Amino acid sequence: MANLTHLDQLESEAIYIIREVAAECENPVMLYSIGKDSSVMLHLALKAFYPEKPPFPFLHVNTTWKFREMIDFRDRRARELGIRMIEHINQEGVEAGINPFDHGSAYTDIMKTQSLKQALDAHGFDAAFGGGRRDEEKSRAKERVFSFRNKNHAWDPKNQKPEMWKLYNTRISRGESMRVFPLSNWTEKDIWQYIRREQIDIVPLYFAKERPVIERDGNIIMVDDDRMRIGRDEEIVNKKVRFRTLGCYPLTGGIESDADTLDEIIDETLGAVSSERTSRVIDQESTGSMERRKREGYF
Amino acid sequence: MKDLLKFITCGSVDDGKSTLIGHMLYDAKLIFADQEKALELDSRVGSREGEIDYSLLLDGLMAEREQGITIDVAYRYFNTRQRSFIVADTPGHEEYTRNMAVGASFADLAVILVDATKGVITQTKRHARICALMGIRHIVLAVNKMDLVGYDKERFEEIRKDFIQTSYGFGLESVQAIPVSATVGDNVTGKSENTLWYDGPALLPYLETVETARGEKDEAFVLPVQRVSRPNHTFRGFQGQVEAGSIRVGDSVTALPSRETAKVKSLLIGDREAEAVSRGQAATIQLDREVDVSRGCVLTASDSIEVTDMLTATLLWMDDGPLVEGRNYLVKVGTKTLPGTIMSIKHKIDINSGDEVSAGRAYKNELVACDISLSEDLIFDTFENSEALGGMILMDRVSNATSAAGIINHSLRRATNVIWEETAVTKEHRANMKAQKPLTLWFTGLSGSGKSTLANAVEQRLAAMGRHTMLLDGDNVRHGLNRNLGFREEDRVENIRRIAEVAKLMNEAGLVTLTSFISPYESDRRSARESIGREYLEIYVSTPLEECERRDVKGLYKKARSGDIPNFTGISSPYEAPENPEIEIDTTDMPLDEAVDKVMKQIMIYMD
């Protein structure tokens, strides 16, 4: 009898979940955010169906403010793997000039939340895989693996379906949909260890390198292109930084680091004093902000 | 290499279970600095006396923080040098029993908290029962608040013995009692000076070393098939997770339900070729010859697995609506989903005492033993033998809710004793002799909607055309076949089930059957449709309630309004309108002839 390590167990669980969705749902899609969790999820999807390709497309909701290296990476991976990658941009938002500098939380809502809903509705996807993990934030800690959304994509935390053993109930009424989180039980550390074990390709932004940055409200923000607005008292300097999470570059805080190998990143993560979501600016607004956002349909 | 322990904590709000786990994470330096900061901040704003409130680490949802209780399962992750842990923190109140069951079904071990000042109480027994029912075999009894009883050894021993007596017969493999104080921190991460008389381990060190792995060395191979992979004509792989045992290339396996055997040609674990796969691994199996296998089939070397259509199960009812005999649900076992009917409720099990109580229905959070009849053969094992093939959920066919979770106790032999007699003269023969196609015209609608009048007139037309027909009418059937049935929900369900069966037999006889019944529940009509098959045509007489009540041919609405008739459809009992009837007709302002013309025109499409 093989004794499975905890990474083996997490891998088996995720593959089981991914296969269940493929077998039971009519029109699933896997959300692909280009980050490390998405890279792990993609890797698991490839394993789950081998030698077949995953029998569903991948969806990237592009806010148009992602790091350039992320978009290059996405296009290269889709090409190499021969998977179908759908990109969705909220054109109304683009035309209205919505941007992270002037519109604050409305920006996140319009370019991410609304844009995601548009894409899911337009393609009629009944199940969308997401890379969310329960260790990221307190309200996620209570979310089921198969999480139901009503017609308006809203989550009702008080009325979740019981989830027993591995017997997932994938039945939904017309107009409703599911978000499925195969990485629910993974921690940030598990993700890194698995990336190392499986030699998974990730965006170079995770590795420390000299990059042009400014300091803003205690966060280190990278100046990725000339749309970045620089304040009068702000100065662009080159610092050796890396990113623990990837999103829109003006909203993603980096950390100063010399870690430019996976082993060094893992060492830093193991000794980390900050849990990763603090480097995303939206979460600091108030206690419970993520739960509120999720009820409104944020992934 | 580190392994993983999944455990659950149970106890009530005041027992301090969130505090215990919070304290353990805090002491063992297993939380991040910013969570620690948030914790101090939250507890200053939110709560009790301005000290660090460790429970805030776990109570995540806003509603819960406001109420100061845990209403849903929260999962926490931590690891030590020895092990990785996932802990499910669950609510203790009886009204959240189902949430606790969710946590218990996920876990290998339970930490059950008991307040040393109160001892083993009803709730402790309930929690132990649910844990055992959901398959947990290892329990830590954390006797908390030892500081409040002066760290008294006698008190601890009394509680320990009391619990062991309580859990007798639960099939537990280990019970470890530990005296703790969650607020002070005694025996949480290290041995306490206050309980020198206690010679066992502290909580965390125990969790780091306890052995809970399931599976015996020589257990038989079991793999429920999740999907069949056919990327091209040379590859046909059966994908699923190995639930028991192991298998090697060259070994033979049996496919259920077909009972065909074949040898393993190749194995994949994920995307990697392998010589063998075993319990817990995600496998893809190729066999050396063509066998009849699809999703829901099982590949196995075990001989304890049953393939039959009747079984007895213990259910934890989770739906807001009651469990009613005769209702049809979708049953999921392993990777197979199929319709099943609750034939009879044997008894309820008092969740606190374990006593068996006779009952006609069951409500949310109650335990009930019942017989279930499946629409076709199901592949299963007892839960005791196999969690993967012995656990089940019941899904509501209309709301799609998960109505119950259950464990299979045993199969019912009746299934194999009654065999459908294949007759020499077939349904087709009988229909051909009558030169017609059998049909069931299922009229549904409110009382007074015009169903019976319409059905009668349609039958006359059909008879005039030389068709052989039979009309089953509500009142007439209730005089004979169904005279032992009343109007309670379970009676209505049974009423419709019998009518559907009779209609089906008449279709077998080659007849065009017309049924005229209110048949108010979507789930019952759906069962009728499934049982009768493609002969079923649903005719929804959609005359609105106001019009039916205005007509009130039999004076029933008046009586219902004055309360003389309980459970009257449309007034005091719901009518669920059909979602996709083949024919819909509203008889308000429509002369009978015109209505019959309209229905006939549509029926004729299906007739030939």
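Each chain carries its own residue numbering, running from 1 in the direction its sequence is written. Chains and ligands are labelled sequentially in the order written, the chains with letters from A and the ligands with numbers from 1. Owing to the predicted nature of the model, reporting of local features is limited to residues with pLDDT of at least 70; listing and counting of side-chain atom pairs is limited to 80 or more, with chain, interface and lining totals taken over all residues. Excluding hydrogens and water, the side-chain values take into account all heavy atoms of the structure.

**Remarks on the overall build of chain B**
Strands here mean DSSP runs of E at least two residues long; helices mean DSSP runs of H or I at least four residues long; both are numbered from the N terminus. Helix and strand counts for chain B stand at 17 helices and 30 strands. Each residue's exposure class comes from its accessible area (1.4 Å probe, protein chains only) as a fraction of the maximum for that residue type: buried when under 20%, exposed when over 50%, partly exposed otherwise. Counting the 608 residues in chain B, one finds 57% classified as buried. Working rule for contacts: check all heavy atoms of both residues, and any pair within 4.5 Å makes them a contact. Across chain B, every contact between residues at least 6 apart in sequence was considered, and the portion connecting residues at least 24 apart equals 71%. Computed with the Shrake-Rupley method and a 1.4 Å probe, the accessible areas treat only the protein chains shown as cover for residues. Split by element, the accessible area of chain B, about 26000 Å² in all, is 48% carbon and sulfur.

**Quick look at the environment of Gln-91 of chain A**
Residue and element names in this part refer to chain A. Mapped onto the fold, Gln-91 is located in helix H4 (residues 91–95). Gln-91 sits in the partly exposed class, given a relative accessible area of 43%. Here the alpha-carbon distance between Gln-91 and Ser-115, two residues 24 residues apart in the chain, equals 8.8 Å.

**Examining the nonpolar core**
Nine residue types can take part in a nonpolar core, namely buried Ala, Val, Leu, Ile, Met, Phe, Trp, Tyr and Cys, and a core is a set of them joined through side-chain atoms within 4.5 Å. One finds Met-164 of chain A together with Phe-7, Leu-20, Met-24, Val-111, Met-134 and Leu-207 of chain B to be the most contacted residues of the largest nonpolar core, which totals 74 residues. The leading source of residues in this core is strand S4 (residues 109–115) of chain B, at six residues. One finds Ala-14, Ile-34, Met-41 and Leu-205 of chain A within the second-largest nonpolar core, a separate group that totals 68 residues.

**What to know about the sheet that holds S4 of chain B**
All names here are of chain B. Strand pairing is assigned whenever DSSP identifies at least 2 bridges connecting the two strands. Spatially, six strands are ordered S2-S3-S1-S4-S5-S6 in an open sheet, and the strand pairing comes out mixed. If you trace the sheet from one side to the other, it starts and ends with strand S2 (74–79) and strand S6 (174–179), each paired once. On average, each strand axis in the sheet is tilted by 25° relative to the strand beside it, whichever way the strands run. One ladder, built from seven bridges, connects strand S1 (residues 3–10) with strand S3 (residues 83–89); its direction is parallel. When the bridges of S3 are listed, Phe-7 appears paired with Val-87. Orientation is described by lines fitted to C-alpha atoms, with helices fitted over the stretch in contact, and by angles between N-to-C directions that extend from 0 to 180 degrees. Against the sheet, helix H1 (residues 17–27) touches S1, S2, S3, S4 and strand S5 (138–144), its axis set at about 145° to S1.

**Thoughts on the sheet that holds strand S7 (residues 209–216) of chain A**
Picture the strands of a sheet paired through backbone hydrogen bonds; they go either parallel or antiparallel. Residues and elements named next belong to chain A. Pairing within the closed barrel is antiparallel, and its four strands lie in the order S7-S8-S10-S9. Pairs of neighbouring strands in the sheet enclose a mean axial angle of 75°, with direction left out of account. Note: S7 against strand S9 (residues 237–242), five bridges, orientation antiparallel. Note on S9: the bridge partner recorded for Pro-212 is Asn-238.

**What to know about the pairing of strand S12 (residues 260–269) of chain B**
Residue and element names in this part refer to chain B. As paired elements, strand S11 (residues 252–256) and S12 share four bridges and run antiparallel to each other. Across the sheet, residue Ser-252 finds its bridge partner in S12, namely Lys-263. Here S11 folds back onto S12, and the loop between the two strands holds three residues, one of which, Arg-259, carries a positive phi near 65°. Sheet topology note: the S12/strand S13 (residues 272–274) ladder contains three bridges and is antiparallel. The residue of S13 that forms the bridge with Leu-268 is Glu-273. Linking S12 back to S13 in an antiparallel pair, the connection comprises two residues, with Gly-270 at a positive phi of about 60°.

**Here's the deal with the pattern of salt bridges**
Salt bridge, as used here, is a side-chain nitrogen of Lys or Arg placed within 4 Å of a carboxyl oxygen of Asp or Glu. According to the stated counting rule, one finds 57 salt bridges over all chains in the structure shown. A salt bridge links Arg-74 of chain A to Glu-87 of chain A, with the nearest nitrogen and oxygen atoms 2.8 Å apart. Taken together, the residues Arg-74 of chain A in helix H3 (residues 68–81) and Glu-87 of chain A in strand S3 (residues 85–88) connect sequence positions 13 residues apart. The salt bridge partner of Asp-3 of chain B is Arg-83 of chain B, with a shortest N-O separation of 3.0 Å. Of this pair, Asp-3 of chain B sits in strand S1 while Arg-83 of chain B sits in strand S3; the two residues are 80 residues apart in sequence, bridging distant segments of the chain. Of the residues examined, Asp-3 of chain B reaches a relative accessible area of 27% and is grouped as partly exposed. The network of salt bridges with shared partners includes Asp-8, Glu-11, Lys-47, Arg-197 and Glu-198 of chain A.

**Overview of the side chain of Ser-257 of chain A**
If you trace the backbone, Ser-257 of chain A turns up in the loop between strand S10 (253–256) and helix H7 (262–270). Sequence-distant contacts of Ser-257 of chain A, defined by excluding residues within four places in its chain, comprise Ala-208, Lys-240, Val-241, Arg-242 and Glu-268 of chain A.

**Here's the deal with the packing of helix H11 (residues 451–464) of chain B against helix H17 (residues 592–607) of chain B**
All names here are of chain B. Packing of H11 against H17 leaves a shortest axis separation of 10 Å and a crossing angle of 60°. Here H17 runs oblique to H11, going by the angle between their axes. When you trace H11 past H17, the crossing you get is right-handed. Listed contacts from H17 to Thr-453, Leu-454, Ala-457, Val-458, Arg-461 and Leu-462 of H11 are Leu-592, Asp-593, Ala-595, Val-596, Asp-597, Val-599, Met-600, Ile-603 and Met-607. Charged means Asp, Glu, Lys or Arg here, nonpolar means Ala, Val, Leu, Ile, Met, Phe, Trp, Tyr, Cys or Pro, and polar covers whatever is left, Gly included. A breakdown of the residues in the contact of H11 with H17 according to their chemical character gives eleven nonpolar, one polar and three charged. Throughout, the term roughly parallel applies to angles under 35 degrees, roughly antiparallel to angles over 145, roughly perpendicular to angles from 65 to 115, and oblique to all others. Helix crossings get a hand from a simple test, with the near helix turned counterclockwise from the far one by less than a right angle marking a left-handed crossing and a clockwise turn marking a right-handed one.

**Section: the packing of aromatic side chains**
For Phe, Tyr and Trp, rings pair up if their centres lie within 6.5 Å, where Trp contributes its six-membered ring, and each pair is then called stacked (planes under 30 degrees apart), edge-to-face (over 60) or tilted (otherwise). Scanning the model with the defined rule gives 20 aromatic pairs over all chains in all. A centroid spacing of 5.8 Å and a plane angle of 55° characterise the contact between Phe-56 of chain A and Phe-58 of chain A, whose relative ring orientation is tilted. In this structure Phe-56 of chain A comes out as buried when scored by relative accessible area, which is 6%. Geometrically, the ring pair formed by Trp-65 of chain A and Phe-101 of chain A is edge-to-face, given 5.4 Å between the ring centres and 85° between the ring planes. Here Phe-101 of chain A lies in the loop between H4 and helix H5 (104–123) and Trp-65 of chain A lies in the loop between strand S2 (58–61) and H3, a separation of 36 residues in the sequence. Charge-over-ring contacts are defined here by two conditions on Lys NZ or Arg CZ: a distance within 6 Å of the ring centre and an angle within 35 degrees of the ring normal. Its guanidinium or amino end placed over the ring of Tyr-16 of chain A, Lys-166 of chain A lies 4.5 Å from that ring's centre, counting from NZ or CZ. The ring of Tyr-521 of chain B has Arg-327 of chain B sitting right over it, with the charged end atom 4.8 Å from the ring centre.

**Some thoughts on unusual backbone geometry**
Tyr-50 of chain A connects to Pro-51 of chain A through a cis peptide bond whose omega is 5°. With an omega of 5°, the peptide bond between Leu-256 of chain B and Pro-257 of chain B qualifies as cis. Relative to the helices and strands, Pro-257 of chain B is located in the loop between S11 and S12. One non-glycine residue, Ile-34 of chain A, lies in the positive phi region at around 80°. Relative to the assigned elements, Ile-34 of chain A resides in the loop between strand S1 (28–31) and helix H2 (36–49). With a relative accessible area of 0%, Ile-34 of chain A lands in the buried category.

**Let's talk about the packing of helix H1 (residues 6–24) of chain A against helix H6 (residues 188–198) of chain A**
Residue and element names in this part refer to chain A. Relative to each other, H1 and H6 sit at 90°, their axes nearing to 11 Å. It follows that H1 is roughly perpendicular to H6 by the angle criterion. Between H1 and H6, the contacting residues are His-6, Leu-7, Asp-8, Leu-10 and Glu-11 on the first element and Asp-190, Gln-193, Tyr-194, Arg-197 and Glu-198 on the second. Split into classes, the residues belonging to the contact of H1 with H6 amount to three nonpolar, two polar and five charged.

**Some remarks on the pairing of strand S24 (residues 391–395) of chain B**
Consecutive residues of a regular strand have side chains that alternate between opposite faces of the sheet. All names here are of chain B. The element S24 is extensively covered by neighbouring structure, given that five of its five residues are classed as buried. Residues Gly-391, Ile-393 and Met-395 point to one face of S24 and Met-392 and Leu-394 to the other, with burial holding for every one of them. Of the pairings in the sheet, the one linking strand S19 (residues 328–333) to S24 comprises three bridges and is antiparallel in character. The residue bridging Val-331 from the neighbouring strand is Leu-394, located in S24.

**Details of the confidence of the model for chain A**
Per-chain confidence: chain A averages 85 in pLDDT, with 88% of residues scoring 70 or above. In the predicted structure, residues 276–287 of chain A sits below a pLDDT of 50 and forms 33 contacts with residues beyond four places in sequence or in another chain. Known as pLDDT, the predictor's per-residue confidence is scaled from 0 to 100.

**Remarks on helix H13 (residues 489–508) of chain B**
Residues and elements named next belong to chain B. In this scheme, a helix's expected span is set at 1.5 Å multiplied by one less than its residue total. The end-to-end C-alpha distance of H13 is 29 Å, a good match for the 28 Å that 20 residues give at a rise of 1.5 Å each. Among all positions in H13, only Glu-490, Asp-491, Arg-492, Val-493, Glu-494, Asn-495, Ile-496, Arg-498, Ile-499, Ala-500, Ala-503 and Asn-507 are buried. Where H13 ends, the next residue or the one after it, Gly-510, has phi of about 95°, a positive value.

**Quick notes on the environment of Glu-219 of chain B**
All names here are of chain B. Its location among the elements puts Glu-219 in the loop between helix H7 (203–209) and strand S7 (222–224). The spacing of Glu-219 and Phe-106 is 113 residues in sequence and 22 Å in space, taken between C-alpha atoms. A polar atom in the side chain of Glu-219 sits 2.7 Å from the backbone nitrogen of Gly-245. At 2.8 Å, the side chain of Glu-219 and the side chain of Arg-279 are in polar contact. N or O atoms closer than or at 3.5 Å make up a polar contact, with two conditions inside protein: a donor-capable atom paired with an acceptor-capable one, and, for residues adjacent in sequence, both atoms drawn from side chains.

**Comments concerning H6 of chain A**
Residues and elements named next belong to chain A. A large share of H6 lies buried, amounting to nine of its eleven residues. Among the residues of H6, those classed as buried are Glu-188, Lys-189, Asp-190, Ile-191, Trp-192, Gln-193, Tyr-194, Ile-195 and Glu-198. Taken from the residues just after H6, Gln-199 is the one with a positive phi, measuring 55°.

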